[in-house]
Amino acid sequence: VYFSCNNDQSNLLQPYFVTGFSDGEACFFIKISPANKMKTSWKVNLRFVITLHIKDISLLESILTFFGVGYITKSETRSVVQYQVSSIKDFETIINHFDLYPLITQKWSDYKLFKQAFLLVKSKTHLNPEGLKQIVSIKASMNRGLSDGLKTDFPDTIPAPRPKVVDQTIHDPEWMTGFISAEGCFFVDIRNSKTHQIGKQVSLEFSMGQHS
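One structure accompanies this document, and this report is about it. (Residues numbered from 1 in each chain as written. Predicted model: local features only at pLDDT ≥ 70, side-chain atom pairs only at ≥ 80, totals over all residues. Heavy atoms only, no water.)

### Thoughts on the overall build of the protein
And then number 1: Within the protein, the secondary structure is distributed over seven helices and seven strands.
And then number 2: Listing every helix and strand of the protein by position from the N terminus yields β-α-β-β-α-β-β-α-α-α-α-α-β-β.
And then number 3: Projected onto its principal axes, the C-alpha positions of the protein cover 75 × 40 × 40 Å.
And then number 4: A burial count over the protein gives 38% of its 212 residues as buried.
And then number 5: By sequence separation, contacts in the protein at least 24 residues apart represent 61% of the contacts at least 6 residues apart.
And then number 6: For the protein, the computed accessible surface area is about 12800 Å², with 52% contributed by carbon and sulfur atoms.
And then number 7: In the protein, which carries 23 positive and 20 negative side-chain charges, the distance between the mean positions of the two groups comes to 7 Å. (Helix = DSSP H or I, 4+ residues; strand = E, 2+ residues; numbered from the N terminus. Buried < 20%, exposed > 50% of the residue type's maximum accessible area, 1.4 Å probe, protein only. Contact = heavy atoms within 4.5 Å. Areas by Shrake-Rupley, 256 points an atom, 1.4 Å probe, with all protein chains shown as cover. Lys, Arg positive; Asp, Glu negative; His and termini not counted. Charge placed at Lys NZ, Arg CZ, Asp CG, Glu CD.)

This is the structure we're talking about:
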């Protein structure tokens, strides 16, 4: 199922909210798959993806409206929805946003590598063997790296240098709101207690978790 942008500008999200939420939930993805019709025998697809439970589809619709590009799909087997951008033309909008409102988690490094791949695809350099090798090298340094199949097909791959995150300054409180929307948890804990009159102790907790 596809949802298109409704062009409603009345409830546009704040730019740093979108960046903070993306720091928590977005994924920059490079797919490399066999394609006999291609000169290199391989096809390269780039995607920017945000996946949420279907109960939060209204937020994805707001993100779609904010960017004005991409589409939303609903899984037929799971209660999840995805906002996706997969067009090279549309990536110009995504790249422009994250250049102006930078990510500050390790996702910034994935973004910088993704941008390198985008420029190679935009210039069609990926259509020659050397350009394809560059794309594979970039993918090797992103997310979980290369699949076992790609490692077998490209055994001499040297992962591209991974840019180091330097600036992790929170420049706007909207980033924090977006990041908390993605990663924050409000928790109520009720446990037995011999020292409390009603025999129960209530604890409130607010937490955020990230990989070390």
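What follows continues from the structure just given.
### Here we look at the side chain of serine 75
And then number 1: Mapping serine 75 onto the fold places it in the loop between β4 (71-74) and β5 (80-85).
And then number 2: For serine 75, a relative accessible area of 18% corresponds to the buried category.
And then number 3: Within the local environment of serine 75, its side chain forms a polar contact with the backbone nitrogen of arginine 78, the two atoms lying 2.9 Å apart. (Polar contact = N/O pair within 3.5 Å; in protein donor to acceptor, adjacent residues only side chain to side chain.)

### Things to note about the pattern of salt bridges
And then number 1: Under the defined criterion, the tally for this structure stands at four salt bridges.
And then number 2: The salt bridge partner of lysine 122 is glutamate 92, with a shortest N-O separation of 2.6 Å. In this pair, lysine 122 is assigned in helix α4 (residues 107-122) and glutamate 92 in helix α3 (residues 88-100), connecting sequence segments 30 residues apart.
And then number 3: The residue lysine 115 makes a salt bridge to aspartate 99 at a minimum N-O spacing of 2.8 Å. In this pair, lysine 115 sits in helix α4 while aspartate 99 sits in helix α3, placing the two residues 16 residues apart along the sequence.
And then number 4: In this structure aspartate 99 comes out as partly exposed when scored by relative accessible area, which is 37%. (Salt bridge = Lys/Arg side-chain N within 4 Å of Asp/Glu carboxyl O.)

### Some details on the nonpolar core
And then number 1: Counting residues in each nonpolar core, the largest one holds 48 residues, and the members touching the most others are Ile30, Phe48, Tyr83 and Ile94.
And then number 2: Elements that contribute at least two residues to this core include exactly α1 (15-25), β2 (26-34), β3 (42-53), α2 (57-67), β5, α3, α4 and α5 (129-140).
And then number 3: When residues of this core are assigned to their parent elements, the largest contribution, seven residues, is made by α4.
And then number 4: Leaving out residues up to four positions away in the same chain, isoleucine 30 has contacts with Val44, Asn45, Leu46, Phe114, Ala117, Ile135, Ile138, Lys139 and Met142. (Core = buried A, V, L, I, M, F, W, Y, C linked by side-chain atoms within 4.5 Å.)

### Some points on the packing of α1 against α2
And then number 1: One can describe the packing of α1 onto α2 by two numbers: an axis separation of 11 Å at closest approach and a directional angle of 125°. The orientation of α1 with respect to α2, classified from their angle, is oblique. The two elements α1 and α2 cross, and the hand of that crossing is left-handed. Side by side, α1 and α2 meet where Pro15, Phe17, Val18 and Phe21 of the first sit next to Leu59, Ile63, Phe66 and Phe67 of the second. (Axes fitted to C-alpha atoms, helices over the stretch in contact; angles between N-to-C directions. Parallel < 35°, antiparallel > 145°, perpendicular 65-115°, else oblique. Left-handed = near helix turned anticlockwise from the far one by under 90°.)

### A word on α2
And then number 1: Among all positions in α2, only Ile57, Leu59, Leu60, Ile63, Leu64, Thr65 and Phe67 are buried.
And then number 2: Once α2 finishes, glycine 68 follows within two positions and takes phi at roughly 75°, a positive value.

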